[in-house]
Each structure stands twice: as structure tokens, then as C-alpha cells.
Amino acid sequence: KDMKKPPHIAILPSPGMGHLIPLAEFAKRLVLHHNLSVTFISLSADSSSKAQKAILDALSNNNNITSIPLPPIHLDDVPSDAKIETRISLTVERSLPALRTLLGSLNTTSPLSALVVDLFGTDAFGVARELGVPSFIFYPTTSTMLSFFLHLPELDNSSTCEFRHLSEPVKLPGCIPFHGKDLLDPVQDRKNDAYKWLLHHCQRYKEAEGILVNSFVDLEPGPIKALLLKEKEEKWPMIYPVGPLIQTTSSRDGGSNNCLNWLDQQPPGSVLFVSFGSGGTLSQEQLEELALGLEMSGHRFLWVARSPNQKESGATFFSVESSREPFDFLPEGFLSRTQGQGLVVASWAPQIEVLKHGSTGGFLSHCGWNSTLESITHGVPLIAWPLYAEQKMNALMLADDLGVALRPSAREETGLVRREEIARVIKVLFSTQSLQGRRVRDRMQELKDAAGRALGVQGSSYQALSEVVGQWKKNKAAATDASI
Ligand code: UDP
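Residues numbered from 1 in each chain as written. Predicted model: local features only at pLDDT ≥ 70, side-chain atom pairs only at ≥ 80, totals over all residues. Heavy atoms only, no water.

1. A few points about the pattern of salt bridges
It is possible for side chains of opposite charge to pair when their charged atoms get near one another. A full pass over the atoms with the stated rule returns 14 salt bridges. For the salt bridge of Glu289 with Arg418, the shortest nitrogen-to-oxygen distance reads 3.5 Å. Of this pair, Glu289 sits in helix H9 (residues 284-297) while Arg418 sits in the loop between strand S13 (405-406) and helix H14 (419-430), and the two are 129 residues apart along the sequence. Linking Glu421 and Arg424 is a salt bridge whose minimum nitrogen-to-oxygen distance equals 3.0 Å. Of this pair, Glu421 and Arg424 are both found in helix H14, three residues apart, which corresponds to roughly one turn of the helix. Exposure remark for Glu421: the relative accessible area of 14% places this residue in the buried category. One continuous salt-bridge network, built from bridges that share partners, spans Asp123, Arg129, Arg204 and Glu207. (Salt bridge = Lys/Arg side-chain N within 4 Å of Asp/Glu carboxyl O. Helix = DSSP H or I, 4+ residues; strand = E, 2+ residues; numbered from the N terminus. Buried < 20%, exposed > 50% of the residue type's maximum accessible area, 1.4 Å probe, protein only.)

In C-alpha cells, the structure reads:
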């Protein structure tokens, strides 16, 4: 009787723009390319940001996508120094009762073929299981990180010291080796709750029926091949590389037109876009060096500047509205000296439109995975400036393995990147003379072409997604047969 209705999927992103954005894109793709119907369930602690609301509103404009926010939960009792992974995981955990009620009623009115969570959503697996709904993970970052997540329980068993004290680098099958100090933030302090939460999620990954990853075969051939082998040898969940899934337009704020109008007036490929994602902040000292480095390079720049922090971090992750204007944190006289050379905007820029713009020729990025995929999709070469989460691992892969990014070196003792070094790297990236600069630009162009091919109808990512969707359609057919 229900044969005509498209299969129905529920998607549950964990809090944070970096999770919400790719899962929203994923939802759209399922509806537009594969004719599914999606309920998109959003979680928030306290209240959600304007940027988050904008994305959810835009999503509801699609036929066959229903966006349902669960009631905000409170984290007032959580210590103020609790890390982001702890906050996210607690938000998911405390939302489970409301999720149980919602999924139960959805499943009655329109049976679910799957529940898709993201990297920190594994605690929803139990709710899905109670309803007999299979669980999947949409993993919004690299296959390399996914491999690390799947191996973390083993790594945890095999050593007791902090990973940065390991004498040997960590070697994951098919991946470049990583020194302990370069591994993602939450594993840097094994006594912290953030590590315990992460390990908890990693231990549950194998309960998933399948894991979709926002990467593609030509971007990470080694790690992907190794994961597919594990899936066969050790009955790990099926792995589906389905990326790059990125936004096609950015959420905008009042200053967006200003950025784009300014870009319109610059020569082709001349501008360096500088941005540290939705939450990245620099220390006051580093921010000043960056400003003076940009100035010293003599190149044009468009900089999304945020107020500095005590420590470099992702402190504004939950709320992107943190910048204060006027820019009194910039070096004295900087704005007037760089008038005509650069534009500084507060907090937010329409990143997709900026990367797509013909005047943009480089991107100094914190290497958040969405930003990275957006840069690849638009063929913009990178200067890698990792700050938090798994960004150091991404930066190493982009610079050392793929050769699509340049990496400024930091002072050994302080970690500070000096203005001279910043100016030097910017010059190399834009130079017509430098072999290194040309290589990075050419490699990025090749990767852009490969990304386009992966998403085409014959491409590896399109095929992988069709395979999962085929499985969901089969589940639905089986359920419908059973109910006739
Ligand atoms: N973004 C944007 N404007 C900004 C900063 C970020 O549109 O000024 C978008 C960006 O295009 C990307 C996302 O926010 O889609 C940031 O995700 P990413 O994974 O790069 O970093 P995170 O914010 O998770 O650290």
C-alpha cells in the first residue's frame, strides 16, 4: 500500500555548524538526486545561533524535507571548562528522551528506513534499535580520521601514556603516519572527559550498519582502500565515500554584499581569503603577527577577523556571533595602511561565494573539513593554518601528502608564526616564478577536476551513495511487503 511513497530517513546532526552544514547538504542530495523523504532533527544546547536557524529554515523550503528542532536542553551544571566534545555528547545524551518520543511517532506515521547520525551521535543507536530501525553514520570529515576513530579502541588498549609521549608515530592502514602531538585535540588528554566521550563513541562505531564519509576515492585513495578491506576482512561496517558534499550557497549576514562588491573590484585570482571557520580564534599576539604578515606580503586579502582569545581555540564554536567592532584588536593604524590592499570583515563571510569568485586566488584556512572540501571544489589552493579538533591532521595530509597546501612554519618554542614567514608563504602561493607555488596551484586544479568526476553519475561518490540508498529502498520494500 505504501509502495508509492519514497523511503523515509531521519537525520540527526550533533550540535555545531561544522556538523549541521554537511548533514543539511546530505539531506538535500538524498531528496533531490535519490527521491527520498527526510526528517531533519536538530539539537541545541540553550538556544541555537542565527546562522544555525538560517540553515534549518532554508532546508525546510525543500519539498520532502521536514526540519524538526528538539527542545533545547540545558548544560548549566556542566563545568565551564568542559570541552566541546563533552558538551556536544551531553547535548545528544540529554536529548534522547525527546528523540525517543519523536522517532516513535514518526515511525508510526511513516516508517523509517534508516536513522543517520554524525560523528558524536552514536547514543541515538539504542533508540533506533528499539524501533527496529537500522543506524548509519554520516562522517563529516576525512577517511583518515574515520580510520583513527575505528582504531582508537585498540590504540587505547595498547598504551597507557599520553599519545604525544609515544616513541613511534601512529600508523593507520593506508594513511600517512601521525606523531601523537598532531592527533586531534580530544585525545591529547586521556584523563579529560572529552577523551572518554570520544572513546565511547568510537567503541560504538561498529554497531552502525554503514558509515558514509565526506571524502572521495581520489582524495584519500590509501585510507579508503584500507577501510574497504577491513570491511571485508573483519566485518567492519560498510564504508561509503560519498563526498565532497558542500553547500552551494552560504548563509549570509549584513556584511555579505560588502565582501562580494569589494571582490568584484579586484583583479582575477589576486585575493587571499583568510578565515578560520565558524569558531576559530587566534591569540592577540598571533593575530597581530598575521595582520602585519598580510600587510607585509603586499598581496590583496579578504580577512574574516574575530576578537582574539587567550589561547588559540574553537571557543566560539557554539555561537558565531562573537566579534566586536570596531576592530580595536588589530594593530594600530593597520586598517588605514591597508586600505585598498585588503578588506577586514567581522565574524562571517559568504565563504562559498567568496571561493567561487574569480578574484579569489588563495585561501588561508584553519583546514576545517568543510572549508577544505569547499576549497577543493572551487580549485582554490590553500595555506594551512590548523587550530583545533582534527585540523592538524588535515593540514599534514593537505600539505605533505596531497600537495595542495603550503604550511607556514611556527617557532618551535612558542608555536607562534611570525609575520615574515606569513608574508613569505603568501608570496610563494601567488608567485608566477616559484615552482613550489605553481605545483600547489596545479595540484589543486587536478583535485578539483577529480572531485567533479567523483560526483558525476558514473563517479565513485555518486555510485557509493546510490548503493546505500538502494539498500534503504530494499528495507522499505521488505517492510511494505511484511505489512501487506
Ligand atoms: N563559513 C562561512 N562563513 C564564515 C565562516 C565559515 O560560510 O565566515 C562556513 C564555511 O563555508 C563552512 C563552515 O562554515 O561550510 C565551517 O566549517 P568547517 O568544517 O570548515 O569548520 P568549523 O567551523 O567546523 O571549524
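Picking up after the structure, the text goes on.
2. Describing unusual backbone geometry
With an omega of 0 degrees, the peptide bond running from Gly243 to Pro244 counts as cis. Following the sequence through the fold, Pro244 ends up in the loop between strand S7 (238-241) and helix H8 (256-264). Of note, the phi angle at Asn64 is positive, near 70 degrees, even though the residue is not glycine. When you line up the elements, Asn64 lands in the loop between helix H2 (50-60) and strand S3 (65-69).

3. Details of helix H13 (residues 391-401)
Most of H13 sits inside the fold, with eight of its eleven residues counted as buried. The secondary structure elements touched by the buried residues of H13 are helix H5 (143-158), helix H12 (369-377), strand S12 (382-384) and S13. Backbone geometry just after H13 places Gly403 at a positive phi near 65 degrees. (Contact = heavy atoms within 4.5 Å.)

4. A look at the state of the cysteines
Inspection of every chain in the model, using the stated rule, returns zero disulfides. Cys161 carries a free sulfur, and the closest cysteine sulfur to it, the one in Cys202, is 18 Å from it. Look at Cys161 and you get partly exposed, because its relative accessible area is 28%. (Disulfide = S-S within 2.5 Å.)

5. Considering the pairing of strand S1 (residues 8-12)
The element S1 is largely enclosed, with a buried count of five among its five residues. Every second residue of S1 is oriented toward a common face, with His8, Ala10 and Leu12 on one face and Ile9 and Ile11 on the other, all of them buried. Bridging between S1 and strand S4 (residues 112-117) involves five bridges; their strand directions are parallel. In the sheet register, Ala10 faces S4, and the bridge partner there is Leu115. Alignment of S1 against strand S2 (residues 37-42), held across four bridges, turns out to be parallel. Bridge assignment links Ile9 to a residue of S2, and that residue is Val38. In this view, the connection linking S1 to its parallel neighbour S2 by way of helix H1 (residues 17-34) has right-handed handedness. (Pairing = 2+ DSSP bridges. Right-handed = clockwise from strand over helix to strand, strands pointing away.)

By themselves these figures say nothing about function.
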